[in-house]
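For reference, the chains in residue letters:
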Amino acid sequence: MSVDASPERGEVEAGSHEPMPPYLQLVVKVSKFCNLRCRYCYEFPSLGDRTAMTVAQVRNMIRHVGEWLSDQPGRTADFVWHGGEPLLMPPDFYREVKRAQEEFLEAASIPYGNSVQTNLYRLTDDDLALMKDVFDDVGVSVDLVGGQRVNVAGRQAQPRVLAHMQRLMDEGLNFGCITVLSRSTAPHVTEIHRFFEDMDMGFRLLPIYRTGYPGQQAVHELAAEEIVDAFKTLTDRWLVSDSFINVEPIEGYAAQVVHALSGADNRRYYDKELSETILVIDTDGSVYSNGDAYDPALCHGNIFTQSLSSTRRSASFAEALRQSRQRVRETCTGCRFHGSCSGFFAAESTPEQRWRDPVTGLSVCGVVLPVQEYIEERLTALGLVDDVTRRLDRALLERRALD
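Residues numbered from 1 in each chain as written. Predicted model: local features only at pLDDT ≥ 70, side-chain atom pairs only at ≥ 80, totals over all residues. Heavy atoms only, no water.

Peer 1: Outline the overall build of the chain, listing residues and values.
Peer 2: Along the chain, the regular secondary structure elements total 13 helices and 13 strands. When each of the 403 residues of the chain is scored for burial, the buried share is 53%. Counted over contacts in the chain with a minimum sequence separation of 6, partners at least 24 positions apart contribute 71%. Approximately 17,200 Å² of the chain is accessible, and the part contributed by carbon and sulfur atoms is 50%. (Helix = DSSP H or I, 4+ residues; strand = E, 2+ residues; numbered from the N terminus. Buried < 20%, exposed > 50% of the residue type's maximum accessible area, 1.4 Å probe, protein only. Contact = heavy atoms within 4.5 Å. Areas by Shrake-Rupley, 256 points an atom, 1.4 Å probe, with all protein chains shown as cover.)

Peer 1: If you had to explain the layout of surface pockets to someone new, which residues and values would you point to?
Peer 2: Estimated volume of the second largest pocket: approximately 240 Å³. Lining the second largest pocket are 19 residues, with Arg210, Thr211, Ala293, Tyr294 and Asp295 positioned closest to its centre. Taken together, the residues of the lining of the second largest pocket break down into 6 nonpolar, 5 polar and 8 charged. (1 Å grid on protein atoms, 1.4 Å probe; cavity = no way out; pocket = protein on both sides within 12 Å on 5 of 7 lines; lining within 4 Å. Points joined across faces, edges and corners; volume = space filled by probe spheres on them. Nonpolar A, V, L, I, M, F, W, Y, C, P; charged D, E, K, R; others polar.)

Peer 1: Residues and numbers for the environment of His82, please.
Peer 2: Mapped onto the secondary structure, His82 falls in strand β4 (residues 76-82). For the pair His82 and Thr283, spaced 201 residues apart in sequence, the C-alpha separation works out to 9.9 Å.

Peer 1: So, unusual backbone geometry: which residues are in play, and what are the values?
Peer 2: Gly84 follows Gly83 through a cis peptide bond whose omega is 15 degrees. Note the cis peptide between Glu248 and Pro249, where omega equals 5 degrees. When you line up the elements, Pro249 lands in the loop between β9 (247-248) and α7 (250-262). Non-glycine residue Ser109 carries a positive phi angle of around 60 degrees. Inspection of the secondary structure assignment puts Ser109 in the loop between α2 (91-104) and β5 (112-118). What makes Ser109 exposed here is its relative accessible area of 63%.

Peer 1: Account for the sheet that holds β4, naming residues and giving values.
Peer 2: With respect to topology, 10 strands assemble into an open sheet ordered β9-β8-β7-β6-β5-β4-β3-β11-β12-β13, the strand pairing being mixed. Pairing within the sheet leaves two strands with one partner each, and these edge strands are β9 and β13 (301-302). Two elements, strand β3 (residues 23-29) and strand β11 (residues 278-281), share 4 bridges in a ladder whose sense is parallel. Note that in β11 the partner of Gln25 across the bridge is Ile278. Taken strand by strand, helix α1 (residues 55-69) contacts β3, β4 and β11, and its axis lies near 155 degrees from that of β4. (Pairing = 2+ DSSP bridges. Axes fitted to C-alpha atoms, helices over the stretch in contact; angles between N-to-C directions.)

Peer 1: Explain the confidence of the model for the chain to me, and be specific about the residues and the numbers.
Peer 2: This prediction gives the chain a mean pLDDT of 90; 90% of its residues lie at or above 70. This stretch, residues 12-21, has a pLDDT under 50; its non-local contacts, to residues over four places away or in other chains, come to 23 contacts. In this model, residues 399-403 is a region of pLDDT below 50 whose contacts with residues beyond four sequence positions or in other chains number 3 contacts. (pLDDT = per-residue confidence, 0-100.)

Peer 1: Give me the lowdown on the packing of helix α5 (residues 189-199) against helix α6 (residues 224-240), citing residues and values where you can.
Peer 2: In the contact formed by α5 and α6, the axes pass within 9 Å of each other and the chain directions differ by 40 degrees. Judged by the inter-axis angle, α5 sits oblique to α6. Here α5 runs over α6; the crossing is right-handed. Counted together, Val189, Thr190, His193, Arg194 and Glu197 of α5 and Ala230, Thr233, Leu234, Arg237 and Trp238 of α6 form the full contact between these two elements. A per-class count over the contact of α5 with α6 returns 4 nonpolar, 3 polar and 3 charged. (Parallel < 35°, antiparallel > 145°, perpendicular 65-115°, else oblique. Left-handed = near helix turned anticlockwise from the far one by under 90°.)

Peer 1: Break down the pairing of strand β8 (residues 203-207) for me, with residues and values.
Peer 2: Looking down a regular strand, the side chains alternate between one sheet face and the other. The buried fraction of β8 amounts to 5 of the 5 residues, a majority that puts the element mostly inside the structure. Every second residue of β8 is oriented toward a common face, with Phe203, Leu205 and Pro207 on one face and Arg204 and Leu206 on the other, all of them buried. As judged from the 5 bridges shared by strand β7 (residues 176-181) and β8, these two strands associate in the parallel manner. The partner of Leu181 across the bridge, within β8, is Pro207. For the segment spanning β7, α5 and β8, crossover handedness is right-handed. Judged from the 2 bridges that link them, β8 and β9 form a sheet pairing that is parallel. Each residue of the ladder has a partner; that of Arg204, found in β9, is Glu248. (Right-handed = clockwise from strand over helix to strand, strands pointing away.)

Peer 1: Can you tell me about the packing of aromatic side chains, naming the residues and giving the values?
Peer 2: For any two aromatic rings, the description comes down to two numbers: the centre-to-centre distance and the angle of the planes. Tallying each qualifying case throughout the model produces 14 aromatic pairs. Between Phe195 and Phe196 the ring centres are 5.2 Å apart and the planes differ by 85 degrees, which places this aromatic pair in the edge-to-face class. Taken together, a centroid distance of 4.6 Å and an interplanar angle of 15 degrees make the contact between Phe196 and Phe203 stacked. Of the residues examined, Phe196 reaches a relative accessible area of 0% and is grouped as buried. Ring-pair connections join several aromatic residues into one group, and the members of that group are Phe79, Trp81, Phe93, Tyr94 and Phe135. (Phe/Tyr/Trp six-rings, centres within 6.5 Å; stacked < 30°, edge-to-face > 60°.)

Peer 1: Give a description of the pattern of salt bridges that names residues and reports values.
Peer 2: Taken as a whole, this structure holds 22 salt bridges when the rule is applied. Taking the shortest distance from any N to any O, the salt bridge between Arg378 and Asp236 comes out at 3.4 Å. Within this pair, whereas Arg378 is found in helix α12 (residues 368-382), its partner Asp236 is found in helix α6, the two being separated by 142 residues in sequence. Residue classification places Asp236 among the partly exposed positions, given a relative accessible area of 28%. In the salt-bridge network here, residues are joined through shared partners; they are Lys29, Lys32, Glu43 and Asp282. (Salt bridge = Lys/Arg side-chain N within 4 Å of Asp/Glu carboxyl O.)

Pasting the structure below:
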């Protein structure tokens, strides 16, 4: 499974200690059990494990989230129900989740939302009811090409997933898609974009960013330069497209470039101590920063049994914070985009995303910076800075209206 995170929501404004905007995303690994065996899945060793969170554990988690956010007025909690395949949980589980959120969050006037990241291999009437009654957003993992998404018997999942996507559309349910960028999909970036353009549907192209066991990604992952090449191709498609579909991460990178070119004063810098953007909650309740799951030495604590404020005081959180800040110092210092690009990508990079200079050994920005430079080059050459700014403003305004 993949997760569609929104990193830039966790920035802080230069000279201020207030989060901008106040937002927390909790990626909840409700169970690792899955009905697919996607060959690059970083949860692959656990996909047959039926261990799952209990209602009592989730109630404790939501209560602790509520207690923590009660001291941060207006801050939003966004729960991303993840797996494995989260829709294999009993439907009543999520109804109990909603009741707990009403009890501990809604009653305390704490804004919250629920989204589910599903492979959509199964779609029952109960699943549809949950998508209408409990989940505010639905993310579908679909690659379209490459043949790496298969069921337990090794059969291709694609035909069934596409049929279920059509059913969601027939039901009037909005959803977004994530396509994993791998050695199998990289040669087909243009076709992937064309598919979503024809569907009038936004999507995220997400490079492999975690490994389930040594050697798993040897035939799947791309070098930084290959990821950049794929994103350059996607950038060129996005720039000439007449559609207004949201194409990530290109649209986010372009927004940062336009911000830098504009010379705007509102600089933005990410720091996990001031405004942690994403917390990963493992099935056993262990809490991790986005880039550190599942490193036991960097586990903040257990949200089932501990308050979030206590996990923030742990020695392991202090170490995760130290390492995060070190990566930003090495990677972002002196970068002319830093302040438009908040530094989140360095701060919360996974081990697989931590590229180093072969000479100095220091961290380098292997993907984001070269893609930003390419976007700047293309916007300048095409004279499209104003047009793209208007396009981004329109997209952001539309999204803000939906929020």
